[in-house]
Structure formats: C-alpha cells, structure tokens
Amino acid sequence: MEEQFRRIINLHYGDFLIEKAGPVSSDWNLLASVVDLCNDGDMNGIKLAFDRIDGLLETPVKFDVPKFYVRYLNAKERLELPSGDDSGDPTEEKSLMSEAQAQEELETMGLRKVLDTMRKMNAKLPYAIKLQAEELEKRHHRGEDVSGQGQLVKTVIVAGLLRMAQNSNSRAISMVFDQIDGKLMHVIKLLNGEDMYVNNVIDDVAPANAVKMEYDGEQVWVAENKAMEMMWIAGFAKMNKGMEGLVDEEYRN
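The next thing to look at is the environment of Glu229. Along the chain, the position of Glu229 falls in helix α10 (residues 226-239). Owing to a relative accessible area of 5%, Glu229 belongs among the buried residues under this scheme. Through-space distance from the C-alpha of Glu229 to that of Lys67 is 6.3 Å; in sequence the pair is 162 residues apart. Those residues within four positions of Glu229 in sequence are excluded, and the remaining contacts are Val65, Pro66, Lys67, Phe68 and Glu224.

Following this line, the structure appears as structure tokens:
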C-alpha cells in the first residue's frame with residue numbers, strides 16, 4: 001500500500017478526482033480517504049500520511065554518562081605518539097544535478113521536504129490550495145475535464161497541516177516543529193552525570209591522552225579511561241534492558 005500511496009500523492013489533484021470516481025480497489029479508496037481527511041484538516045489523517053510516507057519520527061535519547069579519569073600521581077611525563085599525516089583525502093568535486101535527476105527527486109520528494117518548502121512561501125498559499133481543490137471538485141461533479149489540473153496531492157496534504165497550524169491548532173504547530181526540527185531530545189543522566197576519578201600510584205608514564213590538572217595543590221597527569229567507562233556501562237546495561245546500544249561491541253559480553 002505504501003507504493004500505491006506514493007503514487008497517489010504524486011498525482012495532480014484533478015487526476016486524483018478522476019481516478020477516485022472510477023473503478024478502484026478497496027485499498028485505493030482507503031488511501032483516498034486519508035487524502036480527504038488531510039484536505040479537511042484532520043490531524044489524525046495528516047499524521048498518518050506523514051508517518052506512512054516518511055516514516056515515524058524517532059525521539060532522540062541522550063545518555064549523560066559520567067566519564068572515568070585516572071590521576072597518575074607519580075608520572076613525570078606522558079607517552080608521546082608520532083604525528084600522522086593529516087593531509088586528508090582531496091575533496092571530490094560534486095557534479096550538478098541533471099534535469100532528469102531533478103525531476104526524479106521531485107517525484108520522490110517526501111511530505112517533510114514539501115513541508116519544509118511550503119512553510120517558507122506566502123501564508124495564504126495553503127488556503128488558495130484548498131479553494132482550488134474545492135473548485136476542481138465542483139467542476140469534476142459537473143462533468144468537466146480536470147485531468148492534469150491542480151496541485152499535486154502531496155501539496156494538498158501539507159496545505160491541510162499548515163492551515164491547521166495557522167489557525168492555532170496546538171497539535172498542528174507541534175507537528176510542524178517535530179517534522180522540521182525533529183523531536184526534542186530526552187536526556188537520561190547516569191550517576192547524576194558526575195565524573196569519577198581514581199588514583200594511579202604505580203605508573204611513572206601517563207598515556208598520550210593525559211593532560212595536566214591540579215590535584216591536592218600539585219599539577220598531575222590526568223587521562224580519561226574509556227575502557228573503565230565502557231566496563232561500568234556494560235554492567236549497568238546488563239541490568240537495564242534496552243540500553244545495550246550504549247556499550248561498544250567489544251565490551252558487551
């Protein structure tokens with residue numbers, strides 16, 4: 001059904017009306033009902049259309065994990081690594097998009113990209129699209145030829161969302177923010193996000209990533225210990241299902 005829905009939203013609204021009036025399947029009628037709901041400003045229908053075309057929006061989750069540091073109290077120096085070649089790869093020149101590629105991108109453009117474009121246009125456009133759709137419906141009912149006329153169905157769907165947002169519908173406003181900027185990040189703090197320090201009195205050479213920091217009135221080498229951090233997270237993740245992704249693969253077992 002997704003492929004069929006993508007085809008429908010790329011029809012001109014006049015062609016949509018013509019096909020809708022002809023012999024169609026139950027699936028087609030169902031998808032046409034979604035378009036009708038969107039055109040009428042139904043938020044459930046609009047969200048359904050966005051989800052089916054562009055996929056569900058992910059809620060970004062950030063885990064504020066404490067860092068683990070080691071103080072090398074007896075280290076007099078740190079390990080020096082040889083400098084590498086930082087020349088990098090030459091930047092490849094990007095070729096311009098051909099007309100055929102531009103047309104293909106237009107036809108495969110999702111609803112979020114249409115929204116991103118239409119929200120920057122005149123605020124009266126969503127209402128003009130609605131009036132044009134209504135006029136095409138009247139002409140089609142009178143038996144006039146409306147093939148190839150009107151906006152693409154995808155713009156009719158997005159116009160429904162923008163009209164609702166401009167009419168101070170909180171769900172529509174929230175949806176526009178989410179579709180354009182993404183959902184707000186959910187932050188989970190582990191151990192209140194406070195860093196942890198341990199002292200090393202054995203090694204006399206600190207690792208290459210160490211930096212000088214003041215401790216107990218003296219300057220000592222301090223280095224982040226990623227392995228210790230991952231080992232602690234691995235133990236925490238085993239007790240909390242769904243958090244395995246926090247742990248690098250080598251520490252998961």
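The next subject is the packing of aromatic side chains. A full pass over the atoms with the stated rule returns 3 aromatic pairs. Between the aromatic rings of Phe16 and Trp28, the centroid separation amounts to 5.7 Å while the plane-to-plane angle is 20°, which identifies the pairing as stacked. Placement of the pair is Phe16 in helix α2 (residues 13-21) and Trp28 in helix α3 (residues 26-39), with a sequence separation of 12 residues. Here Phe16 falls in the buried class, since its relative accessible area comes to 0%. The buried category is assigned to Trp28, whose relative accessible area is 4%. Taking 5.1 Å as the distance between ring centres and 20° as the angle between the ring planes, the aromatic pair formed by Tyr69 and Tyr197 counts as stacked. Taken together, the residues span a long stretch of sequence, with Tyr69 in strand β2 (residues 68-72) and Tyr197 in strand β5 (residues 196-200) at a distance of 128 residues. Classification of Tyr69 as buried rests on a relative accessible area of 17%.

A few words now on the sheet that holds strand β8 (residues 218-224). Spatial strand order, β5-β2-β8-β7: 4 strands in an open sheet with mixed pairing. Every interior strand has two partners, whereas the edge strands, β5 and β7 (211-215), have only one. Strand-to-strand twist across the sheet, computed as the mean angle between neighbouring axes with direction ignored, equals 40°. The pairing of β2 with β8 spans 4 bridges and is antiparallel. Bridging across to β8, Tyr69 finds its partner in Glu224.

What follows concerns the pattern of salt bridges. Under the counting rule described, the total for this entry stands at 11 salt bridges. Glu2 is the partner of Arg6 in a salt bridge, and the nearest nitrogen-oxygen pair spans 3.1 Å. Here Arg6 pairs with Glu2, and both are found in helix α1 (residues 2-9), just 4 residues apart, close to one helical turn. With a relative accessible area of 28%, Arg6 lands in the partly exposed category. Among the ionic pairs, Arg119 bridges to Asp116, the shortest N-O distance being 2.8 Å. Salt bridges linked by common partners bring Asp40, Lys130 and Glu134 together as one network.

What follows concerns the confidence of the model for the protein chain. The predicted coordinates should not be examined in detail at positions where pLDDT is low. Per-residue pLDDT for the protein chain averages 81, and the proportion of residues at 70 or more is 79%. No element of the protein chain has a lower mean pLDDT than helix α5 (residues 99-108), which averages 55, and none a higher one than helix α7 (residues 125-141), which averages 93.

Position of Gln179 among the secondary structure elements: in helix α9 (residues 170-181). Taking the relative accessible area as the measure of exposure, Gln179 reaches 9% and is therefore buried. A C-alpha to C-alpha distance of 6.2 Å links Gln179 and Arg112, two positions 67 residues apart in sequence. A polar contact is formed between the side chain of Gln179 and the side chain of Arg112, at a distance of 2.4 Å.

Conventions adopted
Residues numbered from 1 in each chain as written. Predicted model: local features only at pLDDT ≥ 70, side-chain atom pairs only at ≥ 80, totals over all residues. Heavy atoms only, no water. Helix = DSSP H or I, 4+ residues; strand = E, 2+ residues; numbered from the N terminus. Buried < 20%, exposed > 50% of the residue type's maximum accessible area, 1.4 Å probe, protein only. Contact = heavy atoms within 4.5 Å. Phe/Tyr/Trp six-rings, centres within 6.5 Å; stacked < 30°, edge-to-face > 60°. Pairing = 2+ DSSP bridges. Axes fitted to C-alpha atoms, helices over the stretch in contact; angles between N-to-C directions. Salt bridge = Lys/Arg side-chain N within 4 Å of Asp/Glu carboxyl O. pLDDT = per-residue confidence, 0-100. Polar contact = N/O pair within 3.5 Å; in protein donor to acceptor, adjacent residues only side chain to side chain.

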